[in-house]
Amino acid sequence: MSSYSTGVRFALYPSLAQASVLRQWIGCQRVIYNAKVAEDQYFSTFRRQALSLTGEPTPLDQQYAQFKTELTPWLSEVPSQILRNGAVRWRNAKQRQLQGLAGAPVKRRAHGRQAVLITNELFQFVADEQDGHVLLLGTPKFPVGALRFTAHRPYQLPKQVVISVEAGRWYVSFSFEVASAGVDVLRSPEELAYEFNNWSDAELLTVTAGYDRGVVNRLADSAGLFYPVDPKVTLRVQRKEVQTRRYQRKLARQVKGSTNRNKTKVKLARLQNYRARCAQDWAHKTSYALVTSGTKVHVLEALQVANMTKRSKPKTENGKWVRNGAAAKSGLNKAILGSAWGRLALYLNYKATRRNQLVLVVPPHYSSQECSECHYTHADNRATQALFVCQRCGFTTHADTNASRVLRARGIAQLRAGVVVVKPRKRIAIRRTSQPGAGCSGMSVERQDKSGLEHHAPGTHAASKQKIENCEVRSTVL
Ligand SMILES: [Zn+2]
């Protein structure tokens, strides 16, 4: 029997007094986290300049006692575990950076979503028949009391929880292991690919689906189905947009730092969260529909959402600024980001993995112009936005259905060729320029290899930084 880890986020209802204590915990944990970030930055700067420190490793610890001084008496007003967890969070973030999974840890801000990591010395789950689900929080010295939460799905007891607040709403979230139902042994993508490769072409075609993601139709599959957003939801989002603009005008008139302005801010954040939650909801429902449709191999096109939603560059003509279509491009960006393409891929991946289904990623080039029947590729094939008419064989269908069939064919070809996991990877190519220091202003990312698990020796670190600074940096997508 295999198991996988899953997570839940439940609405939490603290009293005003409890919320105030939780905010104190959040603040103190953030202070420790930010102090660790600053300490790390200090060490790395100092080391780069001092030859005598060559070879000295950066401290990668979870010590925080040095931050508890007479200048910070308020740190003693929260349980020490809260402070330690701040240091643990930083260490985990730093380790992710060293493994090449994330950028360097940055300081957390005091606005937006706020969260605190709480380990099981400080909480206890209580199932109360009268009150439903209750979380007992605190220690004898720092009691918080019983917090009610709504559990909309079954859960198991975790070792740690995260309590967060966003736009005035509180949540408790945690992860736990569950046994996979219906699947005895979870297979790796390579094993699945091997299995499916033994199937005949006809069998494979019946269990494979291609998906075309778009702005007009969010998702079209190779069976000719579309997965639109509920029109009611679209209408609600539009109404909330109008309200958002009204609150933005109101906010602009209010005195900075006033209580009323802060109230408007919370209302605005709530309106803006609504849109994001709708997109998330669609991605969850759609990905669930896809993995329960009988399909075993899902084929998506590799989309670089971050690249596709870049701002348009400023344009000049004879030294004068001219229109660059920025307004239209930002409108398209909003539509792309709002359509939750990335989320859909993310959710589809984990839901498929739990059911021993395979997700393949194929290159997207000219998938909208290629005929899925005879593979003739021409721009004229796309008669209108919605209609595809092949100029060679006359095959006519919806343009998005055709594109998803093209993707399906590419997926099968890739599977037959033995290429299983093709993830778009970012590579930074470095090219020397004749003028040192030219064209490197935008360089702030230091990506490391996956192999760079251990700390870089400061000498080589400084040298590679120097090398990067004298180079023109280009980002290419494979
Ligand atoms: Zn054709």
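Worth saying up front: this structure is predicted, and the values here are computed from it rather than measured. (Residues numbered from 1 in each chain as written. Predicted model: local features only at pLDDT ≥ 70, side-chain atom pairs only at ≥ 80, totals over all residues. Heavy atoms only, no water.)

Observations regarding a positive patch on the surface
A cluster of basic side chains, namely Arg245, Arg246, Arg249, Lys250, Arg253, Lys263 and Lys267, defines a positive patch on the protein surface. Among the secondary structure elements, those contributing two or more residues to the positive patch are α5 (231–253) and α6 (259–291). A per-element tally of the positive patch places α5 first, with 5 residues. (Patch = residues over 30% accessible without salt bridge, like charges linked within 9 Å, V, L, I, M, F, W, Y side chains within 5 Å. Areas by Shrake-Rupley, 256 points an atom, 1.4 Å probe, with all protein chains shown as cover. Salt bridge = Lys/Arg side-chain N within 4 Å of Asp/Glu carboxyl O. Lys, Arg positive; Asp, Glu negative; His and termini not counted. Charge placed at Lys NZ, Arg CZ, Asp CG, Glu CD. Helix = DSSP H or I, 4+ residues; strand = E, 2+ residues; numbered from the N terminus.)

Focus: the coordination of the zinc ion
The protein atoms that coordinate the zinc ion are Cys371 (SG), Cys374 (SG), Cys390 (SG) and Cys393 (SG), at distances spanning 2.2 to 2.3 Å. For the zinc ion, the 4 donor atoms are set out with angles of 107 to 112 degrees between them, so the coordination reads as tetrahedral. In the primary structure, the donors to the zinc ion are separated according to the pattern C-x2-C-x15-C-x2-C. The exposure class assigned to Cys390 is buried, which follows from its relative accessible area of 4%. (Donors = N, O, S within 2.8 Å, 3.2 Å for Na, K, Ca; no water. Tetrahedral: all angles 85-135°; square planar, octahedral: opposite > 155°, others 65-115°. Buried < 20%, exposed > 50% of the residue type's maximum accessible area, 1.4 Å probe, protein only.)

Some remarks on the side chain of Thr119
Along the chain, Thr119 falls in strand β2 (residues 114–119). Other than its neighbours up to four places away in sequence, Thr119 contacts Gln81, Arg84, Asn85, Lys159 and Gln160. (Contact = heavy atoms within 4.5 Å.)

Things to note about the nonpolar core
Counting 35 residues, the largest nonpolar core has Trp25, Ile118, Leu135, Leu137, Ile163 and Val172 as its most contacted members. Discounting residues that sit within four places of it in the chain, Leu137 has contacts with Leu22, Trp25, Ile118, Leu122, Phe123, Pro143, Val144, Gly145, Leu147 and Ile163. Within the second largest apolar cluster, 17 residues are counted, among which are Ala209, Ala279, Ala345 and Val359. (Core = buried A, V, L, I, M, F, W, Y, C linked by side-chain atoms within 4.5 Å.)

Brief notes about the pairing of strand β8 (residues 208–213)
Most of β8 sits out of view: 6 of its 6 residues are buried. Of the two faces of β8, the one carrying Thr208, Gly210 and Asp212 and the one carrying Ala209, Tyr211 and Arg213 are both buried. In terms of strand pairing, β8 meets strand β10 (residues 297–301) through 4 bridges, oriented parallel. The partner of Gly210 across the bridge, within β10, is Val299. Bridge count between β8 and strand β9 (residues 219–221): 3 bridges; the pairing is antiparallel. Paired with Arg213 across the strands is Leu219, a residue of β9. The hairpin turn running from β8 into β9, its antiparallel successor, is 5 residues long. (Pairing = 2+ DSSP bridges.)

Brief notes about the environment of Lys68
Relative to the assigned elements, Lys68 resides in the loop between α1 (16–49) and α2 (80–98). For Lys68, a relative accessible area of 37% gives the class partly exposed. Note: C-alpha distance between Lys68 and Leu83 (15 residues apart in sequence) is 9.8 Å. With sequence-adjacent residues up to four places away left out, Lys68 is seen in contact with Leu75, Ser76 and Leu83.

Re α5
Relative to the 33 Å expected for 23 residues at 1.5 Å per residue, α5 spans 34 Å between its end C-alpha atoms, a close match to the ideal helical length. For α5, the full list of buried residues reads Val233, Val237, Thr244, Tyr247 and Leu251. Looking at the buried positions of α5, the neighbouring elements they touch are α6. (Expected span 1.5 Å × (residues − 1).)

Thoughts on the pattern of salt bridges
Inspection of the entire model under this criterion finds 10 salt bridges. The partner of Lys36 in a salt bridge is Glu39, and the shortest N-O contact between them spans 3.3 Å. Of this pair, Lys36 and Glu39 both sit in helix α1, separated by 3 residues, roughly a single helical turn. Given a relative accessible area of 0%, Lys36 falls into the buried group. Residues participating in the shared-partner salt-bridge network are Lys36, Glu39 and Asp61.

Brief notes about the sheet that holds strand β3 (residues 123–128)
Taken together, the 7 strands give an open sheet; going across it, the order is β2-β6-β7-β1-β5-β4-β3, and neighbouring strands pair in antiparallel fashion. At either end of the open sheet lies a strand with only one pairing partner, and these are β2 and β3. Taking the axes of each pair of neighbouring strands and ignoring which way they run, one obtains an average angle of 30 degrees across the sheet. Pairing between β3 and strand β4 (residues 132–138): 6 bridges, direction antiparallel. Bridged to Ala127 within β4 is His133. (Axes fitted to C-alpha atoms, helices over the stretch in contact; angles between N-to-C directions.)

Considering unusual backbone geometry
Here Asn356, not a glycine, exhibits a phi torsion of approximately 60 degrees, which is positive. Considering the arrangement of structural elements, one finds Asn356 in the loop between α9 (341–354) and β13 (358–362). Despite not being glycine, His375 shows a phi value in the positive range, around 65 degrees.

A word on the confidence of the model for the protein chain
Here the protein chain shows a mean pLDDT of 82. Residues at 70 or above account for 83%. Of all the helices and strands in the protein chain, strand β17 (residues 471–477) carries the lowest mean pLDDT, 38, while β2 carries the highest, 96. Here residues 424–478 scores under 50 on pLDDT; set against residues more than four positions off or in separate chains, the count is 69 contacts. (pLDDT = per-residue confidence, 0-100.)

Details of the packing of α5 against α6
Where α5 contacts α6, the axes come no closer than 9 Å and their chain directions differ by 155 degrees. The angle between α5 and α6 falls in the class roughly antiparallel. Helix-helix and strand crossings are classified by hand; for α5 and α6 the assignment is left-handed. Residues Val233, Arg236, Val237, Lys240, Glu241, Gln243, Thr244, Tyr247, Gln248, Lys250 and Leu251 of α5 touch α6, and the partners they reach there are Arg261, Thr264, Lys265, Lys267, Leu268, Leu271, Gln272, Tyr274, Arg275 and Cys278. Here the contact of α5 with α6 is composed, by residue class, of 8 nonpolar, 5 polar and 8 charged. (Parallel < 35°, antiparallel > 145°, perpendicular 65-115°, else oblique. Left-handed = near helix turned anticlockwise from the far one by under 90°. Nonpolar A, V, L, I, M, F, W, Y, C, P; charged D, E, K, R; others polar.)

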